[in-house]
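Here are the chains, one letter per residue:
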Amino acid sequence: MSIEIWTYILVGLSFAVYIGIAIWSRAASTKEFYVAGGGVSPFANGMATAADWMSAASFISMAGLISFMGYDGSVYLMGWTGGYVLLALLLAPYLRKFGKFTIPDFIGDRYYSQAARMLAVFAAIFISFTYVAGQMRGVGIVFSRFLNVDIEIGVIFGMIIVFFYAVLGGMKGITYTQVAQYVILIFAYLVPAIFISIMVTNNPIPQLGFGSQVNDGSGMYLLDKLDGLNTALGFAPYTSGTKKTIDVFFITAALMLGTAGLPHVIVRFFTVPKVKDARMSVFWALLFIAILYTTAPAVAAFARTNLIQTVSEKPYAEAPVWVKNWEKTGLIKFEDKNKDGNMQYVKDKAANELTIDRDIMVLANPEIAKLPNWVVGLIAAGALAAALSTAAGLLLTVSTSISHDLLKKNLKRDLSEKGELLAARVAAGGAVLVAGYFGINPPGFVAEVVAFAFGLAASSIFPAIVMGIFDKRMNKEGAIAGMVTGLTFTTAYIVYFKFVNPDFNTVDHWWFGISPEGIGTGGAIINAVLSFAVSRVTPKPPAEVEAMVDDIRVPRKA
Amino acid sequence: MSNDKQTNLYWKKNILYLAVLLGVWFIVSYGFSIVFANSLNSVKIGGFKLGFWFAQQGSIYVYLVLIAVYVFLMNRLDKEFDVEEK
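Residues numbered from 1 in each chain as written. Chains lettered and ligands numbered in written order. Predicted model: local features only at pLDDT ≥ 70, side-chain atom pairs only at ≥ 80, totals over all residues.

For chain A, the helix and strand inventory stands at 22 helices and two strands. Taken over C-alpha atoms, the radius of gyration comes to 24 Å for chain A, in line with the 24 Å a tight globule of 558 residues would show. Counting only C-alpha atoms and orienting by the principal axes, one finds that chain A spans roughly 80 × 55 × 45 Å. Counting all 558 residues of chain A, 58% fall into the buried class. Contacts in chain A between residues far apart in sequence, at least 24 positions, make up 81% of those at least 6 positions apart. (Helix = DSSP H or I, 4+ residues; strand = E, 2+ residues; numbered from the N terminus. Rg over C-alpha atoms; globule rule 2.2 N^0.38 Å. Buried ≥ 20, exposed ≤ 12 C-beta atoms within 10 Å, placed from the backbone. Contact = placed C-beta atoms within 7 Å.)

Further remarks concern the packing of helix α13 (residues 275–311) of chain A against helix α3 (residues 50–80) of chain B. Where α13 of chain A contacts α3 of chain B, the two axes come as close as 10 Å, and the packing angle between them is 170°. Between α13 of chain A and α3 of chain B, the angle is such that the two are roughly antiparallel. Contact with α13 of chain A, carried on its side by Lys276, Arg279, Met280, Val282, Phe283, Leu286, Leu287, Ala290, Tyr293, Thr294 and Pro297 of chain A, involves Gln56, Gln57, Ile60, Tyr63, Leu64, Ile67, Ala68, Tyr70, Val71, Met74 and Asn75 of chain B of α3 of chain B and no other residues of that element. Class assignment of the residues belonging to the contact of α13 of chain A with α3 of chain B gives a composition of 16 nonpolar, four polar and two charged. (Axes fitted to C-alpha atoms, helices over the stretch in contact; angles between N-to-C directions. Parallel < 35°, antiparallel > 145°, perpendicular 65-115°, else oblique. Nonpolar A, V, L, I, M, F, W, Y, C, P; charged D, E, K, R; others polar.)

Once that is clear, we can look at the interface of chain B and chain A. A common way to report how large an interface is uses the accessible area buried once the components associate. On the chain A side, the residues contacting the 40 residues of chain B number 41 residues. Listing elements by their share of the side of chain B that touches chain A, those giving two or more residues are α1 (3–35), β2 (48–49) and α3 of chain B. Here the residues of the side of chain B that touches chain A are counted per class, giving 23 nonpolar, twelve polar and five charged.

We now examine the packing of helix α6 (residues 103–110) of chain A against helix α7 (residues 114–147) of chain A. All names here are of chain A. Orientation of α6 relative to α7, taken along the N-to-C sense of each, is 160°, at an axis distance of 7 Å. The angle between the axes of α6 and α7 places the two elements in the roughly antiparallel class. As α6 packs across α7, the resulting crossing turns out to be right-handed. Of the residues in α7, those in contact with Ile103, Pro104, Ile107 and Gly108 of α6 are Gln114, Ala116, Arg117, Ala120, Val121 and Ala124. For the contact of α6 with α7, the per-class residue count stands at seven nonpolar, two polar and one charged. (Left-handed = near helix turned anticlockwise from the far one by under 90°.)

Residue and element names in this part refer to chain A. Along the chain, the position of glycine 419 falls in helix α18 (residues 417–440). Residue classification places glycine 419 among the partly exposed positions, given that 15 C-beta atoms sit within 10 Å. Distance in space between the C-alpha atoms of glycine 419 and lysine 408 is 9.4 Å, their sequence separation being eleven residues.

Further remarks concern the confidence of the model for chain B. If pLDDT is low for a region, its predicted coordinates should not be looked at in detail. Residue and element names in this part refer to chain B. Overall, the prediction assigns chain B a mean pLDDT of 91, with 98% of residues at 70 or greater. Predicted confidence in chain B is weakest over helix α2 (residues 37–40), with a mean pLDDT of 87, and strongest over α3, with 95. For this predicted complex, the interface confidence comes out at an ipTM of 0.95, alongside a pTM of 0.92. (pLDDT = per-residue confidence, 0-100.)

A few words on the nonpolar core. Counting 217 residues, the largest nonpolar core has Leu185, Val299 and Leu395 of chain A as the members making the most contacts within it. Each residue touching leucine 185 of chain A, except ones within four places of it in the same chain, is listed here: Ala51, Met54, Phe59, Gly382, Ala385 and Ala386 of chain A. (Core = buried A, V, L, I, M, F, W, Y, C linked by C-beta atoms within 7 Å.)

Let us look at helix α21 (residues 519–536) of chain A. A turn of α-helix holds 3.6 residues, and therefore any two residues three or four places apart point the same way. For α21 of chain A, spanning 18 residues, the distance from its first C-alpha to its last is 26 Å, which sits close to the expected 26 Å at 1.5 Å a residue. Regarding α21 of chain A, the residues found buried are Ile519, Gly520, Thr521, Gly522, Gly523, Ala524, Asn527, Ala528, Ser531 and Ser535 of chain A. (Expected span 1.5 Å × (residues − 1).)

Inspection of the secondary structure assignment puts tyrosine 71 of chain A in the loop between α4 (56–69) and α5 (74–98). Residue classification places tyrosine 71 of chain A among the buried residues on the basis of 27 C-beta atoms within 10 Å. For the pair tyrosine 71 of chain A and threonine 242 of chain A, spaced 171 residues apart in sequence, the C-alpha to C-alpha distance is 8.4 Å. Those residues in contact with tyrosine 71 of chain A that lie beyond four places of it in its chain are Thr239, Ser240 and Gly241 of chain A together with Phe52 and Ala55 of chain B.

Mapping glycine 430 of chain A onto the fold places it in helix α18. Separated by 267 residues in sequence, glycine 430 of chain A and phenylalanine 163 of chain A have C-alpha atoms that sit 9.6 Å apart.

What follows deals with unusual backbone geometry. Residues and elements named next belong to chain A. If you check the backbone angles, glutamate 313 has positive phi at about 60° while not being a glycine. The residue glutamate 313 is located in the loop between α13 and α14 (321–328) in this model. Using a count of 12 C-beta atoms within 10 Å as the deciding quantity, one classes glutamate 313 as exposed. Look at lysine 339: it is not a glycine, yet its phi comes out positive at around 55°. For lysine 339, a count of 6 C-beta atoms within 10 Å puts it in the exposed group.

Given below as structure tokens:
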């Protein structure tokens, strides 16, 4: 059977499963819609969190990014997993004990202030929309590449599916769909990774193959060989970086703090029954994430080795079929600058003849490893699962922020349970439409603003929650001053280097050599220091707030 | 002992666990994998340079172990102070 038929079958089957789950798990109350009734098992919640978290970018782009960045790519691996340690130790159990529905709920109640609540609503909506536009675009691209339909039609297809289970099922529908999506995406990621590991090193476990000898008889270790290939072409050695240490430090920290502060991830820990379950589900979540995140750098190294050996200095006329196939999609471009008929792939831009899109490292893997057609279909279904699961989680955060935090808790407090549920559904539907619009007409700055999402979460939500739990003396004046300053500082730095003066976006002009990607860490530090200082010179929080802090610190009163 | 004292002690122990676990988290992420990565790279385990291995594999395994230890310690502490949810 052809690749296209396999893709239709596998994608069709996976969509049928999602719709089936949507119908089976319709939400009947706001509690079911917001937090799946609070009765999800830690194991299922861990899986759902993993799918929620791993987006189109993790599935399609991350291995490619690492492949081209080598050691420098570690910032993503550590940043996007290390945040879970913070979530487990500093946030999840306490927020579970707090026992309401959203981040703005916590910030509004803890800081006894509507202004603080609205700041959190704004941050949650902004962060989620930033993120979701990329997911819908990802859905469209997968459709167009594997099924030969227009990106627009692909996006609309994705919208219909998400609409179905997010609007009908709310958190309940999303949770059980995400469990299914995790299974599909991890299977789709591992199958080609295992085959390519065997192909390069004879070791079926990619995490070990990564540190094994290549099986070409030379007895060289893969990474040594790759260092050699890289340097011969003028690139930095694969295992050492080119970024400044302070920048690597700050980017990693910003991604960790941002991960722990992302509303759609935090809210998942409201869905389990007990504090103990919240702790355990972070463990399951990271375990399921780690399966992909420890495989990705191995795939990156295999793919780069393969790529260089296949194309470098080889005659273009004899290039393997996959090179020609992906050339048609524009992801590989070849221009024979010196007219020798060979492909020169080197660091020097003037002499380089081959432009390779990073996404190819995962997407072309099955073809490079000469795997059967069904594996290609599987990759498409896996990439769609990754994009849709993340999109749904984000859209739910937007709809909850509007129906619960903005309407019920602020503008229209006499809203009935039924009215709130209807508002949540309408908001979810509206959010799907907006996300779809951005998917079809992507603003040019989508890639630029991803750093934004993490920077804002790191410099506002994360410090405000942690200080709310661990510093009983923290009051509304301190928290608001900290959030506003952290947000303003981070926004100003990113906007300046990304939009106002992009020519200056180089290491010579950055403060202390910190790139806009890493500035969220600076924002978080400023937030924490200022909050602390302001809170000590302004009145103590009211007694009932102090009692609430005491209450969330223990699972149950002795 | 009064309830308040008990709760205080529970919280102090919790903070102690956090300090130790986050200390390890910090040293592995920012020490082994970033600041000292170059020096650790002179040690090789199989085909991996150690600093590089920590940055792309080891740190993630350490995170998992840290969370597992935390879950174990806190469950034990909850039982000890009789504050686990029924």
